[in-house]
Amino acid sequence: MGNSYVRNVVESVRAKYPHQPEFLQAVEEVLLSMEPLFEKESKYEENAILERIVVPERLIEFRVAWTDDKGRIQVNNGYRVQFNSAIGPYKGGLRFHPSVNQSILKFLGFEQIFKNSLTGLAIGGAKGGSDFDPKGKSDAEVMRFCQAFMTELVRYVGALSDVPAGDIGVGGREIGYLFGQYKRLTSRFEGVLTGKGLKWGGSLARTEATGFGNVYFADNMLKAVGKEIEGKKAAVSGSGNVAIYTVKKLYQLGATPVTVSDSRGCIYQPAGINLEVLQQVKERERASLTRYAELCKDATYIPVADYPAGEHPVWNVGADLAFPSATQNEVTLADAKNLLSKGCILVSEGANMPSTLEATAEFQKAGICFGPAKCANAGGVATSQLEMEQNAGMTSWTFDEVDGKLKGIMAGIFKAAHDTAEEFGQPGNYVMGGNIAGFRKVADSMIEQGVM
Ligand code: GLU
């Protein structure tokens, strides 16, 4: 069954990396969805594009040694996966989280290739990070870690070669310390990182961009089936940057976000999440959601531990729209069934690969609007590219200018995924449409640039 070229490459990746489950999942999801393309076109097989595209151009792993507040030496692993530079300089975030390893970063870097291509901008795919956990660390410890991390990373990055940004565990504070150290080591004030502070080269609307972009994408999907976002009840997971600005944009478009979550629990607030309190607790106090529940008397805190294993309460409150904005594989098959049985009509992925392969298949079988991460959360990296553009031109644009461009980019991604899905006879399949549209631009560029 299926296309033999695709199946053979998937098999060889499976055999080679049995210990990299997240990377295998990402490869399978992308490659298997594109079978109709390989039935039609032989040039990709003749040029061994799939065999090449699943191998990073470069994977750097390095030691990060730093001293904690008690004077003890701590050691973490640092990484940068420079996956593909066919269409532009490497671009992608840094993740600081204890779960970070080669499998996680290869999955993220692989996804980033196609996501970045879909934005229509000239950015290649990369990802990096460390198993360092910023949680519970003092600002001084985070600073020393970031300085040690950049002391090694500096050899591999630059405004025209590789431009990292944030991801889980890396926000404005970390980008500041990383940028400061880069400048100190190189004497160059340049756009080597995005997500910078507004006083020193950052772009307005970058902070908001991933969440805003996801809601714009959802809006496009709903309009295509004659529905609208206004008046809908939305479940949002996560409580980081993506979740916060998803909540904000949902309110602006007339929907009611009723949940946010973290790994330990879920806030359910039928009248709507209190954005002010959420920002206070998460952006300023860096506290947990139990604190949010203390401050909002009409909110219920549901601990994950009270729930069956493999199910998260956030997906079982009964919502029209779902915005998974926490982390990979947070939506299981059981969660998908809970969402669907309570009438969910749209899932739009703010996190990277938040739905398991089984959950995605369930949503597709049900025929609801499903916005895969590569399309739906591409607004973040797209706005990073707008930040690079402003840095290169030594200028800065207004919030409305950047937001307007973001909106246009999300509409462009929707059109590319929509039209490509139609071209291959599966209207509304944005997984297939997005993957093929993103892939073709990179693959054709690789062919034109020769064997490497
Ligand atoms: N980490 C974000 C992503 O997954 C943003 C990357 C960037 O801005 O370079 O796309």
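The text that follows walks through the structure, step by step, so that each part is easy to find. Sequence order sets the numbering: in each chain, residues are counted from 1 along the sequence as written. Where totals are concerned, whole chains, interfaces and linings use all residues; where local detail is concerned, this predicted model gives features only for residues with pLDDT of at least 70, and gives and counts side-chain atom pairs only at 80 or more. To get the side-chain values, all heavy atoms of the structure are used, and hydrogens and water are removed first.

### Some points on helix 18 (residues 430-449)
- Put simply, DSSP marks the helices as runs of H or I at least four residues long and the strands as runs of E at least two long, and each gets a number from the N terminus on. Helix span is expected to be 1.5 Å times the residue number reduced by one. Here helix 18 spans 28 Å end to end across 20 residues, near enough to the 28 Å set by a 1.5 Å rise per residue.
- For every residue, the accessible area obtained with a 1.4 Å probe (protein chains only) is divided by the maximum for its type, and the residue is called buried under 20%, exposed over 50%, and partly exposed between those limits. For helix 18, the tally of buried residues reaches 14 of 20 residues, placing the bulk of the element in the interior.
- Immediately beyond the C-terminal end of helix 18, within one or two residues, lies Gly450, with a positive phi of roughly 90 degrees.

### So, the sheet that holds strand 11 (residues 321-323)
- By this definition, two strands are paired if DSSP reports at least two bridges between them. In spatial order, the strands read 7-6-11-12-13; together these five strands make up an open sheet with parallel pairing. The sheet is open, and its two borders are formed by strand 7 (256-257) and strand 13 (369-371), each paired with just one other strand.
- In terms of strand pairing, strand 6 (residues 233-236) meets strand 11 through three bridges, oriented parallel. Residue pairing across strands places Ala235 opposite Ala322, the latter belonging to strand 11.
- Across the face of the sheet, helix 10 (residues 241-252) comes into contact with strand 6, strand 7 and strand 11 while running at roughly 175 degrees to strand 6. Residues count as neighbours in contact if any of their non-hydrogen atoms are within 4.5 Å of one another. For helices, the axis comes from a line fit to the C-alpha atoms of the stretch in contact; other axes are also lines fit to C-alpha atoms, and the angle between any two N-to-C directions lies between 0 and 180 degrees.

### What to know about the site of the ligand
- Taken together, the neighbourhood of the ligand is formed by 14 residues, with Lys91, Lys115, Gly166, Asp167 and Ser384 sitting nearest.
- Gly166 places a polar main-chain atom, nitrogen or oxygen, 2.9 Å from a nitrogen atom of the ligand.
- Contact distances for the ligand include 3.0 Å between an oxygen atom and a side-chain N or O atom of Arg206.
- Each accessible area value is a Shrake-Rupley result obtained with a 1.4 Å probe; residue values ignore everything except the protein chains displayed when judging cover. The fraction of the free accessible surface of the ligand (300 Å²) that becomes covered by protein chains is 94%.
- All amino acids are sorted into three groups, where Ala, Val, Leu, Ile, Met, Phe, Trp, Tyr, Cys and Pro are nonpolar, Asp, Glu, Lys and Arg are charged, and the leftover types, Gly among them, are polar. Tallied by class, the residues present in the shell around the ligand amount to two nonpolar, seven polar and five charged. Proximity is defined per residue: if any heavy atom of the residue lies within 4 Å of a molecule or strand, that residue is considered near it. As used in this structure description, the phrase polar contact means that two N or O atoms lie within 3.5 Å; if the pair is within protein, one of them must be able to donate a hydrogen and the other to accept it, and residues adjacent in sequence are counted only when both atoms belong to side chains.

### Here we look at the sheet that holds strand 9 (residues 265-268)
- Spatially, three strands are ordered 8-9-10 in an open sheet, and the strand pairing comes out antiparallel. The sheet is open, and its two edges are formed by strand 8 (259-261) and strand 10 (300-303), each paired on a single side. Across the sheet, the mean angle from the axis of one strand to that of its neighbour is 20 degrees, orientation sign disregarded.
- One ladder, built from four bridges, connects strand 9 with strand 10; its direction is antiparallel. Along strand 10, the bridge assignment pairs Gly265 with Pro303.

### Digging into the nonpolar core
- To qualify as a nonpolar core, a set must consist of buried Ala, Val, Leu, Ile, Met, Phe, Trp, Tyr and Cys residues joined through side-chain atoms within 4.5 Å. Counting 53 residues, the largest nonpolar core has Tyr292 and Phe323 as its most contacted members.
- The leading source of residues in this core is helix 9 (residues 206-224), at eight residues.
- Excluding residues within four positions of it along the chain, Tyr292 makes contact with Ile267, Gln269, Ile273, Asn274, Val277, Leu278, Val281 and Ala299.
- Grouped together as the second largest cluster of nonpolar side chains are 41 residues, Tyr17, Tyr44, Ile49 and Met432 included.

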